[in-house]
Structures are given as C-alpha cells and as structure tokens.
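Per-entry structural report
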Amino acid sequence: MLKLLKTIIKAGDVTEKYPFKPYEVSDNFRGKPEYNAEQCIACAACTMACPANALTMSTDTASGERKWLFFLGRCIFCGRCEEVCPTKAIRLSQEFELAVFNKQDLFQEAIFQLTDCRVCQRPFAPRKSIEHAIALLVQSGLSLQEAEARRPLFETCPNCKRQQNVTGSPTIFLGQHINQERKEAAK
Ligand code: SF4
Ligand code: SF4
C-alpha cells in the first residue's frame, strides 16, 4: 500500500482541470481550419484536395460568381487544404471546441467575381486568380508592363484559346509563349 501511494505521489497529476482551466493542445494539433477570404484567390485547389468533401466550390454563370463553401460538420482535420493552398488562405488552427447550437453556424462561405472571356464573353475564371497569376509573373522577374501584356491570354477561356489555335489565330498559349522567349534569350 505504501509503495502504491509513493508511486501515485511520484506520478503527480495526470489529468487536466479542463473545462475549469483552458486546455493547451500540442503545437502540431490539427484543429478547425481557419479561412481568410482576403488571401483566397478562389483557385479551387483545396476543394479538389479535400477528401471529405467539406470544401466545395460552385459557379453561377448567370451572376458571374463563384462560391467557396466550407462545412465544418464534414471536416476530418486531415490538413490537405492547408498543404495545397498556394496563398496560405486556409490553415488548421488549434481550436477544438466546435459545438454550435445552430447547424448553419458550421458553414462558412465566400463569393468571388468571375472574369468574362475576352472572346466569348462568358464568365470563366476568378478575377483574383488572374491578378495572382500576373503578380507571380512579376515576382518571377518580368516587368509589370511585360506581365500586363500577357493579360489577354489569361482573360481568354480555354475553349476560345483552343478554337483560336485550331483556326490559325495568332493566339499562343502562355506556356509556349514563355518557353519560346526563354529559348530566344538563351541564344
Ligand atoms: S482539413 Fe481535410 S477534411 Fe477538413 S477541410 Fe481541410 S482538406 Fe477538408
Ligand atoms: S486553395 Fe487556398 S486560395 Fe485556393 S480556393 Fe482554397 S483557400 Fe482559396
């Protein structure tokens, strides 16, 4: 008995006083995904990577809008969304107290404006994605003027690019265009 008491005293407190005291989770704890719509470019990478379908994206061509939707009730806290997000707009937090009174509180959404294709005038890509792509070109070393010169390529939908290519129009795919320029610069 004395030996048992000694072992218990040596072990100390092994339980937490939660919920009377805040519970501190470990640094790499995977809690509720935190989303920042300002940083999001509506690229849809997270919605494609989410294995539980907690993240979805839908497009309304009539209003020219794309909706990003998160349903916490489906989330399995795997962290795939955080891994694939190019702008760090979604990150797993340390929040674990997730009970709500109203199911609607488990949903989070953001609406993004789409850009109309310069050729067919149909909405096809989020404006923020296009601006992000141009900013990346500038970051990769092009001047703002050179990057802006490529805007028509970004603002043409894949269907119209394909058709213009087939009918012999001077439209060149961005990748081919850049590769060609690099080859010429290397000569
Ligand atoms: S943590 Fe996993 S399940 Fe939850 S939203 Fe992100 S990808 Fe989907
Ligand atoms: S991957 Fe990031 S930037 Fe792309 S839609 Fe998801 S949250 Fe937004």
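Just so we're clear, the structure is a prediction, and the values are computed from it rather than from any experiment.

Digging into the overall build of the protein chain
In terms of helices and strands, the protein chain carries eight helices and six strands. Secondary structure elements of the protein chain, listed N to C terminal, follow the sequence α-β-α-β-β-α-β-β-β-α-α-α-α-α. Residues classed as buried in the protein chain amount to 15% of the 187 residues present. Within the protein chain, contacts between residues at least 6 apart in sequence are counted, and of these 65% link residues at least 24 apart.

A word on helix α1 (residues 2-11)
Among the ten residues that make up α1, zero are buried, leaving the element largely open to the surroundings. Just downstream of α1, Gly12 is the residue with a positive phi angle, here 70°.

As for the nonpolar core
Membership of the largest hydrophobic core comes to 17 residues, with the highest contact counts inside it found for Ala42, Cys46, Leu55, Cys81 and Ile90. Not counting residues up to four positions away in its chain, the partners in contact with Cys46 are Leu55, Cys81, Val84, Cys85 and Ile90.

Some words on the site of ligand 2
Near ligand 2, the surroundings consist of 14 residues, among which Cys40, Cys43, Ala45, Cys46 and Cys85 are the closest. The residue makeup of the shell around ligand 2, split by class, is 13 nonpolar, one polar and no charged.

Here we look at the environment of Gln39
Inspection of the secondary structure puts Gln39 in the loop between β1 (33-35) and α2 (45-49). For Gln39, the contacting residues outside a window of four places in its chain are Thr87, Lys88 and Ala89.

Digging into the environment of Ser58
Looking at the element boundaries, Ser58 is found in strand β2 (residues 55-60). Classification of Ser58 as exposed rests on a count of 11 C-beta atoms within 10 Å. Measuring from C-alpha to C-alpha, the distance between Ser58 and Leu69 comes to 8.3 Å, with eleven residues separating the pair along the chain.

Some thoughts on the site of ligand 1
Within the structure, ligand 1 sits among 13 residues, and Cys50, Cys75, Cys78, Arg80 and Cys81 are positioned closest to it. When its residues are assigned to classes, the shell around ligand 1 shows eleven nonpolar, one polar and one charged.

What about the sheet that holds strand β6 (residues 123-126)?
Two strands in a sheet stick together by hydrogen bonds in their backbones, pointing the same way (parallel) or opposite ways (antiparallel). Taken together, four strands build an open sheet; the order of strands is β2-β3-β5-β6 and the sheet is antiparallel. Looking at the sheet topology across the chains shown, the edges are occupied by β2 and β6. Between one strand and the next, the sheet's axes are offset by a mean angle of 35°, whatever the strand orientation. As paired elements, β2 and strand β3 (residues 65-71) share six bridges and run antiparallel to each other. By the bridge assignment, Asp60 is partnered in β3 with Glu65.

Notes on unusual backbone geometry
Looking along the chain, the bond that leaves Tyr18 and enters Pro19 is cis, with omega of 10°. Relative to the helices and strands, Pro19 resides in the loop between α1 and β1. Of note in this structure, Asn53 is not a glycine but carries a positive phi near 65°. Phi at Lys88 takes a positive value of approximately 60°, unusual for a residue other than glycine. Tracing the chain through its elements places Lys88 in the loop between α3 (80-84) and β4 (90-92). Judged by the 10 C-beta atoms lying within 10 Å of it, Lys88 is exposed.

Considerations on helix α4 (residues 127-139)
The terminal C-alpha atoms of α4, which comprises 13 residues, lie 18 Å apart, in line with the 18 Å expected from a rise of 1.5 Å per residue. Every buried residue of α4 is listed here: Lys128, Ser129 and Leu137. Buried positions along α4 lie against β5 (107-116), β6 and α5 (144-149). Remark: Gly141 follows α4 within two positions and exhibits a positive phi of approximately 120°.

A few points about the confidence of the model for the protein chain
This prediction gives the protein chain a mean pLDDT of 90; 88% of its residues lie at or above 70. Residue range residues 168-173 is modelled with pLDDT below 50. Its contacts to residues more than four positions away, or to other chains, number seven contacts.

Definitions and cut-offs
- Residues numbered from 1 in each chain as written.
- Chains lettered and ligands numbered in written order.
- Predicted model: local features only at pLDDT ≥ 70, side-chain atom pairs only at ≥ 80, totals over all residues.
- Helix = DSSP H or I, 4+ residues; strand = E, 2+ residues; numbered from the N terminus.
- Buried ≥ 20, exposed ≤ 12 C-beta atoms within 10 Å, placed from the backbone.
- Contact = placed C-beta atoms within 7 Å.
- Core = buried A, V, L, I, M, F, W, Y, C linked by C-beta atoms within 7 Å.
- Near = placed C-beta within 6 Å.
- Nonpolar A, V, L, I, M, F, W, Y, C, P; charged D, E, K, R; others polar.
- Pairing = 2+ DSSP bridges.
- Axes fitted to C-alpha atoms, helices over the stretch in contact; angles between N-to-C directions.
- Expected span 1.5 Å × (residues − 1).
- pLDDT = per-residue confidence, 0-100.

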